[in-house]
Amino acid sequence: MKVAQSQPLLKNLPANKMPELRAIVNDLITHVTDAPAVEIMNSTPPGFVIPKEHLISVCHQLHQHSGTYFDMLSNVTGVDHGPETGTMEVLYHLYSIPFHASIVLKVILPREGGEIESLVTIWKSANWLEREVFDMFGIRFINHPDLRRILMPADWIGFPLRKDYHHEETYRGIKIDY
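Summarised in this report is the structure supplied together with it. (Residues numbered from 1 in each chain as written. Predicted model: local features only at pLDDT ≥ 70, side-chain atom pairs only at ≥ 80, totals over all residues. Heavy atoms only, no water.)

Counting its regular elements, the protein chain contains three helices and nine strands. Residue pairs in contact within the protein chain that sit at least 24 positions apart in sequence constitute 53% of those at least 6 positions apart. For the protein chain, the accessible surface area stands at approximately 9,700 Å², while carbon and sulfur atoms represent 56% of it. (Helix = DSSP H or I, 4+ residues; strand = E, 2+ residues; numbered from the N terminus. Contact = heavy atoms within 4.5 Å. Areas by Shrake-Rupley, 256 points an atom, 1.4 Å probe, with all protein chains shown as cover.)

Here's what the structure looks like:
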(Lines give C-alpha, C1' and ligand atoms only; values in the text may rest on other atoms or scores of the structure.)
Protein backbone atom coordinates (compact mmCIF):
# COMPACT_ATOMS: atom_id res chain seq x y z
CA MET A 1 0.00 0.00 0.00
CA LYS A 2 1.41 3.40 -0.98
CA VAL A 3 1.58 6.15 1.63
CA ALA A 4 1.12 9.71 0.41
CA GLN A 5 3.16 12.55 1.83
CA SER A 6 1.27 14.61 4.37
CA GLN A 7 -0.05 18.02 3.34
CA PRO A 8 -1.70 19.91 6.18
CA LEU A 9 -5.17 21.27 5.49
CA LEU A 10 -6.58 24.30 7.27
CA LYS A 11 -8.50 23.44 10.42
CA ASN A 12 -12.24 24.20 10.26
CA LEU A 13 -12.12 24.26 6.49
CA PRO A 14 -14.10 27.26 5.22
CA ALA A 15 -16.15 26.96 2.03
CA ASN A 16 -13.58 28.91 0.02
CA LYS A 17 -10.96 26.25 0.89
CA MET A 18 -12.97 23.46 -0.75
CA PRO A 19 -10.79 23.65 -3.90
CA GLU A 20 -7.76 22.84 -1.69
CA LEU A 21 -9.55 19.80 -0.28
CA ARG A 22 -10.49 18.67 -3.78
CA ALA A 23 -6.88 19.02 -4.89
CA ILE A 24 -5.52 17.06 -1.90
CA VAL A 25 -8.07 14.26 -2.33
CA ASN A 26 -7.50 14.24 -6.09
CA ASP A 27 -3.72 13.94 -5.61
CA LEU A 28 -4.12 11.25 -2.96
CA ILE A 29 -6.43 9.14 -5.17
CA THR A 30 -4.10 9.57 -8.15
CA HIS A 31 -1.12 8.54 -6.01
CA VAL A 32 -2.83 5.40 -4.69
CA THR A 33 -4.43 4.25 -7.97
CA ASP A 34 -1.65 5.31 -10.39
CA ALA A 35 -4.41 6.81 -12.55
CA PRO A 36 -6.02 10.23 -12.74
CA ALA A 37 -8.80 10.69 -10.19
CA VAL A 38 -12.29 10.91 -11.69
CA GLU A 39 -14.23 13.70 -10.01
CA ILE A 40 -18.02 13.75 -10.14
CA MET A 41 -18.88 17.11 -11.68
CA ASN A 42 -21.30 19.44 -9.85
CA SER A 43 -21.30 17.20 -6.78
CA THR A 44 -21.92 18.65 -3.35
CA PRO A 45 -20.09 17.48 -1.33
CA PRO A 46 -17.23 16.78 -3.76
CA GLY A 47 -17.44 13.27 -5.20
CA PHE A 48 -14.93 10.90 -6.76
CA VAL A 49 -15.31 7.62 -8.67
CA ILE A 50 -13.00 4.94 -7.27
CA PRO A 51 -12.16 1.62 -8.97
CA LYS A 52 -13.35 -1.15 -6.63
CA GLU A 53 -9.90 -2.75 -6.49
CA HIS A 54 -8.48 0.46 -4.95
CA LEU A 55 -11.29 1.20 -2.48
CA ILE A 56 -9.52 -0.12 0.64
CA SER A 57 -6.23 1.66 -0.16
CA VAL A 58 -7.91 4.96 -0.99
CA CYS A 59 -10.11 4.86 2.11
CA HIS A 60 -7.17 3.93 4.32
CA GLN A 61 -5.25 6.94 3.00
CA LEU A 62 -8.22 9.31 3.39
CA HIS A 63 -8.62 8.10 6.97
CA GLN A 64 -4.93 8.26 7.95
CA HIS A 65 -3.64 11.22 5.92
CA SER A 66 -3.09 14.28 8.11
CA GLY A 67 -4.32 16.56 5.33
CA THR A 68 -7.72 14.90 5.12
CA TYR A 69 -8.35 12.73 8.20
CA PHE A 70 -11.79 11.47 7.18
CA ASP A 71 -12.47 9.90 10.55
CA MET A 72 -16.18 9.24 10.05
CA LEU A 73 -18.08 7.07 7.58
CA SER A 74 -21.48 8.68 7.92
CA ASN A 75 -23.44 6.78 5.25
CA VAL A 76 -23.23 3.96 2.75
CA THR A 77 -25.95 3.57 0.17
CA GLY A 78 -26.61 1.68 -3.03
CA VAL A 79 -28.09 2.71 -6.36
CA ASP A 80 -29.57 0.25 -8.84
CA HIS A 81 -29.52 1.47 -12.45
CA GLY A 82 -31.77 -1.38 -13.52
CA PRO A 83 -31.31 -4.50 -15.59
CA GLU A 84 -30.95 -2.49 -18.82
CA THR A 85 -27.66 -0.87 -17.78
CA GLY A 86 -26.37 -3.83 -15.77
CA THR A 87 -24.67 -1.66 -13.14
CA MET A 88 -25.12 -0.68 -9.52
CA GLU A 89 -23.29 1.85 -7.38
CA VAL A 90 -22.13 1.97 -3.79
CA LEU A 91 -21.75 5.50 -2.40
CA TYR A 92 -19.66 6.22 0.68
CA HIS A 93 -20.17 9.53 2.51
CA LEU A 94 -17.07 10.47 4.49
CA TYR A 95 -16.73 13.28 7.00
CA SER A 96 -13.66 14.82 8.60
CA ILE A 97 -14.56 16.07 12.07
CA PRO A 98 -11.41 18.19 12.59
CA PHE A 99 -11.70 19.83 9.16
CA HIS A 100 -15.52 19.99 8.95
CA ALA A 101 -15.36 18.61 5.42
CA SER A 102 -17.29 15.95 3.52
CA ILE A 103 -16.69 13.93 0.37
CA VAL A 104 -18.47 11.13 -1.45
CA LEU A 105 -16.77 8.10 -3.01
CA LYS A 106 -18.62 6.18 -5.71
CA VAL A 107 -17.82 2.64 -6.78
CA ILE A 108 -19.54 1.20 -9.85
CA LEU A 109 -20.25 -2.54 -9.78
CA PRO A 110 -21.81 -5.06 -12.15
CA ARG A 111 -25.45 -5.64 -11.23
CA GLU A 112 -25.15 -9.40 -11.19
CA GLY A 113 -22.59 -10.78 -8.78
CA GLY A 114 -21.65 -7.30 -7.56
CA GLU A 115 -19.37 -7.47 -4.57
CA ILE A 116 -16.89 -5.16 -2.92
CA GLU A 117 -14.48 -5.21 0.03
CA SER A 118 -15.93 -4.27 3.40
CA LEU A 119 -14.67 -1.09 5.07
CA VAL A 120 -15.30 -2.35 8.61
CA THR A 121 -11.56 -2.59 9.24
CA ILE A 122 -11.26 1.19 8.67
CA TRP A 123 -14.59 2.47 10.06
CA LYS A 124 -16.63 0.38 12.50
CA SER A 125 -19.78 2.24 11.39
CA ALA A 126 -19.53 0.37 8.08
CA ASN A 127 -20.83 -2.76 9.81
CA TRP A 128 -24.54 -1.94 9.91
CA LEU A 129 -24.43 0.43 6.93
CA GLU A 130 -23.06 -2.32 4.67
CA ARG A 131 -25.59 -4.79 6.04
CA GLU A 132 -28.39 -2.42 5.04
CA VAL A 133 -27.03 -2.11 1.48
CA PHE A 134 -26.72 -5.89 1.30
CA ASP A 135 -30.28 -6.34 2.60
CA MET A 136 -31.87 -3.85 0.21
CA PHE A 137 -29.73 -4.32 -2.95
CA GLY A 138 -28.01 -7.71 -2.60
CA ILE A 139 -24.50 -6.24 -2.92
CA ARG A 140 -22.05 -8.49 -1.08
CA PHE A 141 -19.29 -7.03 1.09
CA ILE A 142 -16.25 -9.30 1.13
CA ASN A 143 -14.68 -9.88 4.57
CA HIS A 144 -17.65 -8.34 6.40
CA PRO A 145 -17.74 -9.82 9.92
CA ASP A 146 -21.53 -10.39 10.03
CA LEU A 147 -23.13 -10.00 6.59
CA ARG A 148 -26.78 -10.87 7.09
CA ARG A 149 -30.11 -9.10 6.72
CA ILE A 150 -30.71 -6.19 9.08
CA LEU A 151 -34.10 -4.75 8.00
CA MET A 152 -35.92 -7.66 6.36
CA PRO A 153 -36.60 -11.06 7.95
CA ALA A 154 -33.81 -13.58 7.43
CA ASP A 155 -35.98 -15.71 5.11
CA TRP A 156 -37.17 -12.79 2.92
CA ILE A 157 -36.86 -13.45 -0.81
CA GLY A 158 -35.28 -10.79 -2.99
CA PHE A 159 -33.87 -7.32 -2.46
CA PRO A 160 -36.57 -4.64 -2.15
CA LEU A 161 -34.71 -1.64 -3.59
CA ARG A 162 -33.69 -3.33 -6.83
CA LYS A 163 -35.54 -1.99 -9.86
CA ASP A 164 -36.73 -5.46 -10.87
CA TYR A 165 -37.96 -6.50 -7.40
CA HIS A 166 -41.42 -8.09 -7.37
CA HIS A 167 -43.44 -7.73 -4.18
CA GLU A 168 -44.62 -10.94 -2.59
CA GLU A 169 -48.36 -11.37 -2.15
CA THR A 170 -47.94 -13.12 1.20
CA TYR A 171 -45.29 -13.68 3.82
CA ARG A 172 -45.59 -16.80 5.98
CA GLY A 173 -49.25 -17.08 5.02
CA ILE A 174 -50.07 -13.46 5.89
CA LYS A 175 -51.38 -11.25 3.08
CA ILE A 176 -49.18 -8.22 2.46
CA ASP A 177 -51.03 -5.02 1.55
CA TYR A 178 -49.12 -2.34 -0.34
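Let us now look at unusual backbone geometry. Here the residue pair Thr-44 and Pro-45 is connected by a cis peptide bond, since its omega of -5° sits within 30 degrees of zero. Phi is positive for Tyr-69, which is not a glycine, with a value near 40°. With respect to the helices and strands, the residue Tyr-69 is situated in the loop between α2 (55–64) and β3 (72–80). Accessibility expressed as a relative area gives 34% for Tyr-69, which makes it partly exposed. A positive phi angle is found at Arg-172, which is not glycine, with a value near 50°. Locating Arg-172 in the fold gives a position in the loop between β8 (170–171) and β9 (174–175). (Buried < 20%, exposed > 50% of the residue type's maximum accessible area, 1.4 Å probe, protein only.)

All right, on to the environment of Arg-111 then. Locating Arg-111 in the fold gives a position in the loop between β5 (101–110) and β6 (115–117). Taking relative accessible area as the criterion, Arg-111 reaches 3% and is therefore assigned buried. Residues Arg-111 and Phe-137 lie 26 residues apart in sequence; the distance between their C-alpha atoms is 9.4 Å. Excluding residues within four positions of it along the chain, Arg-111 makes contact with Asp-80, Gly-82, Pro-83, Gly-86, Thr-87, Met-88, Arg-162, Lys-163 and Asp-164. Among the polar contacts listed, one links the side chain of Arg-111 to the side chain of Asp-80, at a separation of 2.7 Å. Among the polar contacts made by the side chain of Arg-111, one reaches the side chain of Glu-112 at a distance of 3.4 Å. (Polar contact = N/O pair within 3.5 Å; in protein donor to acceptor, adjacent residues only side chain to side chain.)

With respect to the helices and strands, Lys-106 occurs in strand β5. The class of Lys-106 is buried, set by a relative accessible area of 16%. A distance of 3.4 Å separates the side chain of Lys-106 from the side chain of Glu-89, its partner in a polar contact. Beyond its immediate chain neighbours, meaning those up to four positions away, Lys-106 contacts Ile-40, Phe-48, Val-49, Ile-50, Glu-89, Val-90 and Leu-91.

Another aspect to go through is helix α3 (residues 126–137). It helps to recall that an α-helix has 3.6 residues per turn; residues three or four apart then point in one direction. Taking 1.5 Å of rise per residue, twelve residues should cover 16 Å, and α3 covers 16 Å from first to last C-alpha, within 8% of that figure. Here α3 lies mainly inside the structure; nine of its twelve residues are buried. Among the residues of α3, Ala-126, Leu-129, Glu-130, Arg-131, Val-133, Phe-134, Asp-135, Met-136 and Phe-137 are the ones counted as buried. On its buried face, α3 sits against β3, β4 (87–96), β6 and β7 (140–142). Gly-138 occupies a position one or two residues after α3 and carries a positive phi of about 80°. (Expected span 1.5 Å × (residues − 1).)

With the rule as written, the count across this model stands at two aromatic pairs. With 5.2 Å between their ring centres and 40° between their planes, Trp-156 and Tyr-171 make a pair best called tilted. You can see Trp-156 sitting in the loop between β7 and β8 and its partner Tyr-171 sitting in strand β8, a full 15 residues away along the chain. Here Trp-156 falls in the buried class, since its relative accessible area comes to 13%. The partly exposed category is assigned to Tyr-171, whose relative accessible area is 21%. (Phe/Tyr/Trp six-rings, centres within 6.5 Å; stacked < 30°, edge-to-face > 60°.)

For the rest of this paragraph, the subject is the pairing of β3. Both β3 and β4 contribute to a ladder of eight bridges, which runs antiparallel. Residue Thr-77 lies in a different strand from β4, and its bridge partner there is Leu-91. (Pairing = 2+ DSSP bridges.)

The mixed open sheet is built from five strands, whose spatial order is β1-β2-β5-β4-β3. Sheet topology places β1 (38–40) and β3 at the edges, where each strand pairs with a single neighbour. Strand after strand, the sheet turns through a mean of 25° between neighbouring axes, direction not considered. Taken together, the ten bridges between β4 and β5 define a ladder with antiparallel strand orientation. Bridging across to β5, Met-88 finds its partner in Leu-109. Packing of α2 onto the sheet brings it into contact with β4 and β5, and relative to β5 it is tilted by some 175°. Most of the contacts of α3 go to β3, to which it runs at about 10°, and overall it touches β3 and β4. (Axes fitted to C-alpha atoms, helices over the stretch in contact; angles between N-to-C directions.)

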